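Letter by letter, the chains look like this.
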Amino acid sequence: MRHPTHRRPLLRAVGTGAVALAALLSFAGLGAPASAATASTPSGRGVPADGKVMMVMGQDSDTLSDYRTDVLGRQELGAPAPGGVTLYTNLVLGGSPAPLAGMNGPVNWGAGTVDFARTMNEYPGAAVAVGLYLSDATSGCNNQPLRAIIGRNDDDVTAGSPNLITQYRAKVDEMINRFKSYDRDILLRIGYEFDGPWNCYSADFYKDAFRYIKGRIDALGASRVATVWQSAAWPVNTSTDHPEWGYVVTDPKHFDNWYPGDAYVDWVGLSAFYNSRSVRTQWGCGSHDTDPVGLQNRVLDFARSHGKPAMVAEAAPQGARTGAGSTSCIFTNSPAPASGQAIWDGWHAGYFDWVNTNKDVIRAAAYINTNWDSQTQWQCSPGAQAGGPGCANGNWGDSRVQANATVLNNFVAEIKKPLWSTGSSGTTNPTDPTDPTDPTDPTDPTDPGDGGSGTEPTYTQSVVTSPATAIRFTTKNFEASFVTVQYRIDGGAPQNYFLTYDQASGRWEIPVTVPHGATLTYSFNYQPTTQTSQITTPVMTWTAP
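Our subject in this report is the structure included herewith. The structure presented is a predicted model; accordingly, all values stated were derived computationally and were not measured.

**Section: the sheet that holds strand β15 (residues 459–464)**
Hydrogen bonds along the backbone pair up the strands of a sheet, which may run parallel or antiparallel.
Here is step 1 of the chain: Spatially, the four strands line up as an open sheet ordered β15-β16-β20-β19, and their pairing is antiparallel. The open sheet has two free edges, formed respectively by β15 and β19 (500–502), since each of these has just one partner strand. Here the average twist between neighbouring strands, direction ignored, is 25°.
Here is step 2 of the chain: Bridge count for β19 against strand β20 (residues 507–511) is three bridges, and the pairing is antiparallel. Opposite Thr500, over in β20, you have Glu509 as the bridge partner.

**Focus: the packing of aromatic side chains**
Here is step 1 of the chain: Going through the model one piece at a time under the given rule, you end up with 38 aromatic pairs.
Here is step 2 of the chain: Residues Phe352 and Trp420 carry aromatic rings whose centres are separated by 5.8 Å and whose planes lie at 90° to one another, so their mutual orientation is edge-to-face. Separated by 68 residues along the polypeptide, Phe352 in helix α10 (residues 340–357) and Trp420 in strand β14 (residues 420–423) bring together distant segments of the chain.
Here is step 3 of the chain: For Phe352, a relative accessible area of 3% puts it in the buried group.
Here is step 4 of the chain: For Trp420, a relative accessible area of 4% puts it in the buried group.
Here is step 5 of the chain: A connected cluster of aromatic rings, assembled from ring pairs, spans Phe194, Tyr201, Tyr206, Phe210, Trp229, Tyr247, Phe255, Trp258, Tyr259 and Phe302.
Here is step 6 of the chain: We note Arg189 situated over the ring of Tyr192; from NZ or CZ to the ring centre the distance is 5.2 Å.

**Notes on the packing of helix α5 (residues 164–182) against helix α6 (residues 203–219)**
Here is step 1 of the chain: Two elements in contact, α5 and α6, have axes whose closest approach is 10 Å; the angle formed by their N-to-C orientations is 50°. The angle between α5 and α6 falls in the class oblique. Relative to α6, α5 is oriented so that their crossing is right-handed. Across the interface between the two elements, Arg169, Val172, Asp173 and Ile176 of α5 pack against Tyr212, Ile213, Arg216 and Ile217 of α6.
Here is step 2 of the chain: Classifying every residue of the contact of α5 with α6 by side-chain character gives five nonpolar, no polar and three charged.

**Some points on the nonpolar core**
When a protein is soluble and globular, its nonpolar side chains tend to lie buried together.
Here is step 1 of the chain: In terms of nonpolar packing, the biggest core is built from 104 residues, with Leu188, Trp229, Ile362 and Phe411 touching the most fellow members.
Here is step 2 of the chain: Among all residues touching Leu188, those that are not within four sequence positions of it are Val130, Leu132, Met175, Phe179, Ile213, Ile217, Val225, Ala226, Thr227 and Val228.

Cut-offs applied
Residues numbered from 1 in each chain as written. Predicted model: local features only at pLDDT ≥ 70, side-chain atom pairs only at ≥ 80, totals over all residues. Heavy atoms only, no water. Pairing = 2+ DSSP bridges. Helix = DSSP H or I, 4+ residues; strand = E, 2+ residues; numbered from the N terminus. Axes fitted to C-alpha atoms, helices over the stretch in contact; angles between N-to-C directions. Phe/Tyr/Trp six-rings, centres within 6.5 Å; stacked < 30°, edge-to-face > 60°. Buried < 20%, exposed > 50% of the residue type's maximum accessible area, 1.4 Å probe, protein only. Lys NZ or Arg CZ within 6 Å of the ring centre and 35° of its normal. Parallel < 35°, antiparallel > 145°, perpendicular 65-115°, else oblique. Left-handed = near helix turned anticlockwise from the far one by under 90°. Contact = heavy atoms within 4.5 Å. Nonpolar A, V, L, I, M, F, W, Y, C, P; charged D, E, K, R; others polar. Core = buried A, V, L, I, M, F, W, Y, C linked by side-chain atoms within 4.5 Å.

Everything listed here is a matter of geometry and, on its own, says nothing about what the molecule does.
Written out as C-alpha cells, the structure is:
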C-alpha cells in the first residue's frame, strides 16, 4: 500500500477541465471572515491555554530527528521546540505493513521512517497529531474497513472466524489503549482528508466509523485523545457520478454532508499548501472549480459556526525548493530561481499572516519540514508532469527551513512570537517512551470498577511456563468485554496486546517469550461488561527461571 500520509494516486480530470491530482491540496488566504470578530475562543481537548496556537512540526521521524539536530541543536538560534509533532499510522487489515505500523516498530512507506517510540523520546511531552489511514483505495474502494468498524451485516465483513468486525474493532481498542499509555495529548485525525477523492470514502460510512471510534475513546477512558475531522479542502469537483462520495465542493452543504456531529468532533482540521500570496504561482498551470482561498476559509467558518478549534493539520510551500533556491507550479516541475527571501515572501509570510489573522479559531498549525525530493514516494523529475512518469504523486520539492539561512532565521523569529505554544525536546530513556502508570487500583473500594453494583470486580493473574510461557488473567465475579496487557522485558520497549478468551477454562491468556533470567513487568487493562470504562491493574513483576 502507499504511505498513509496525505496524497493518493492521480485522479480523473473532471469539472471545468481541472487537472485533478491527489497530490495537490489547497490553502486559505489572508482575509478573516466577518464572523471572526465576534467568535469566542474555542477550547477543548488538547487546546493550548491562553489563546495560543500550538506549533506542530511534521511529518515523519527522520524529518523530526533532522529538525531537532539542525535547528533545535543550534544554541545560537534559540529556537523553541514544537508543542506537537505529526506522525501517521494505518488501520487497514490485509495490507503491508500491518495495522498500527509505526506504533509497533519503525516503518517506511517511501516517505520517511515513522517510529512513534523514537519521536516521542526526542520530543518528550509534545502532543502527537496522528494521521489515521482507513482507506482501501488500493484494493477497490469498497470502504471495507469503515463498514467493518461500524459493524454492517455485509457478507464480506461477517465471513470468517473471527470476522472482520471483531478484528477491526479489536484493533481500534488496541490503538486507543496504546494512545492512553503514551500519557500525552493525542490529536487523532480519523480518516484524515476525509473528502479527498483519492481516499474514496463514502460520506455515510465515514461518519458512522468516526462516531464509533469516538465512542470507544470515551468508553476506554482515553481523556487525552482528541478527535480531528480534517478536510482536504481540495478545490475541484471530482467523481460527480458518485454522489454518495460527496466530492462536490461547490455544494454549499458539502461540509454538512460529511460532518459526524458536534458530540463526536473535538477539532476541525484542514490541509494547507498554498495561500493568497502563492496560489497564482502554484496553480498557474492548473485550474479549479472553486477558489482555493475561499474554500479554506469556508473550513474555518464551519469551525467557528460549530464552536470548534481549528487545526491546520498539514502545510508546506509545495513546489518550492529551499535548498536549491527555486519555486515552481505544483502541476509541473518547472523550477524558476528564487532567493531565500523570495521563497519566504512568496509562501511562509502569507502562511503566518493567515494564521495570525484567524487566531480566533486556529489553535494548532503544522509545518511539514521535509526534503520531499529525497523520499521516493514524492520525487518529481525536472520537467515532469504531476501524475505522469517521474512524478507520480506530484511536485513537492524541499520545504526544510534549515536548507536556507534566510528562511531559517525568519522561521525561528516567527515561532518565537508570543502567539505560539511551544514545548521542549531532549532524549529520555529510549527504552521507555511510555509510562505504565496505575490510574486505577482494583483493590480500592472507591474505584468505580464495579459499575455501581457494589461488588468489586476481582481477578487472579499469573505467568505460567507449562506447556509454554504465557500470561493469564481470570475474572472471578464478573465478565469482561476485553483484557489487554502491556509488558516490558528487562525494561525494553512496551508491548501491548489483547488476550484471547478461552471459554472452556474461563480465562484470558497470551503466549510470551521471556529469555532465561529476564524480568517481565506487566499490567492489565480490562473492562467489565457491566460498565463503559476500563480498569488498569498495578504493575506486576516476574523473572523467568
